[in-house]
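Structure assessment
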Amino acid sequence: GAGVSQSPRYKVAKRGQDVALRCDPISGHVSLFWYQQALGQGPEFLTYFQNEAQLDKSGLPSDRFFAERPEGSVSTLKIQRTQQEDSAVYLCASSLGNTNEKLFFGSGTQLSVL
Amino acid sequence: DQQVKQNSPSLSVQEGRISILNCDYTNSMFDYFLWYKKYPAEGPTFLISISSIKDKNEDGRFTVFLNKSAKHLSLHIVPSQPGDSAVYFCAAMDQGAQKLVFGQGTRLTINP
């Protein structure tokens, strides 16, 4: 596709439910990043992949958060036993090379946990 | 611990005038700085960047200035146009770390 695609666009979950958020990066992009953006705040780093390797997961807030990119293209961010504080926009971004100097962001998935 | 701060949540500027958005950072390891622009319901889009070896970078109507001693950068937009109305995020990185640290954003409104 022409840009980074994220699905679903909106997700409403009941507290305690598991959710899975999908990211399709730009074809051929090596690096993939997940960010979390709370209301009124800037995006905060969650995790980074270079191809299929997860090189940095230091931003994942708890062990309920898990991300994978098994074939080096599509990535899934999974949140287990969702809590109200997980409500945010989850942004995926990709870049062609091994750096994030020119990141292309998707439109995000807005997660609301009730 | 907010390593990148944008202290003005909003800014209103008349069309044709200069818009100046400011950003401060605390981490002296940051060596690359970027500005992103975000429209509602869209992801941020890259606008302009600057390396710590420079103090100015210009691209059309957009200029970024870096003052390393003050740990301060600014984005100048001149002349401002209605299409510039958006939220602007300052971001910084340590190029060895591969993760951007964003400020909270400044909502810029350009008035006709």
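An account of the accompanying structure is given in this report. Keep in mind it's a predicted model, so treat the numbers as computed, not measured.

**Re the interface of chain B and chain A**
- The interface is formed by 19 residues belonging to chain B together with 22 residues belonging to chain A.
- Counting each side, the surface lost to burial between chain B and chain A is near 1600 Å², with a carbon and sulfur contribution of 53%.
- Counting the surface chain B buries against chain A, the share from its top three residues, Gln 98, Lys 99 and Phe 102 of chain B, is 32%.
- Between Lys 99 of chain B and Asp 56 of chain A there is a salt bridge whose closest N-O contact spans 4.0 Å.
- Sort the elements by how many residues they give to the side of chain B that touches chain A and strand β4 (residues 32-38) of chain B lands first, with 4 residues.
- Its residues placed into classes, the side of chain B that touches chain A shows 11 nonpolar, 5 polar and 3 charged.

**Points about the layout of surface pockets**
- As a volume, the largest pocket reaches approximately 620 Å³.
- What lines the largest pocket is a set of 27 residues, and nearest its centre among them are Gln 37, Leu 39, Gly 40 and Val 89 of chain A together with Lys 38 of chain B.
- Taken as a whole, the second largest pocket encloses approximately 470 Å³ of empty space.
- If you trace the second largest pocket, you find 23 residues lining it, with Glu 44 and Phe 45 of chain A together with Gln 3, Leu 100 and Val 101 of chain B closest to the centre.
- Counting only elements with at least two residues in the lining of the second largest pocket, the list comes to β5 (44-50) of chain A together with β10 (101-102) of chain B.
- Per-element accounting of the lining of the second largest pocket gives the leading share, 3 residues, to β5 of chain A.
- When grouped by side-chain class, the residues that make up the lining of the second largest pocket number 11 nonpolar, 8 polar and 4 charged.

Definitions and cut-offs
Residues numbered from 1 in each chain as written. Chains lettered and ligands numbered in written order. Predicted model: local features only at pLDDT ≥ 70, side-chain atom pairs only at ≥ 80, totals over all residues. Heavy atoms only, no water. Contact = heavy atoms within 4.5 Å. Buried area = accessible area lost by both parts, 1.4 Å probe. Salt bridge = Lys/Arg side-chain N within 4 Å of Asp/Glu carboxyl O. Helix = DSSP H or I, 4+ residues; strand = E, 2+ residues; numbered from the N terminus. Nonpolar A, V, L, I, M, F, W, Y, C, P; charged D, E, K, R; others polar. 1 Å grid on protein atoms, 1.4 Å probe; cavity = no way out; pocket = protein on both sides within 12 Å on 5 of 7 lines; lining within 4 Å. Points joined across faces, edges and corners; volume = space filled by probe spheres on them.

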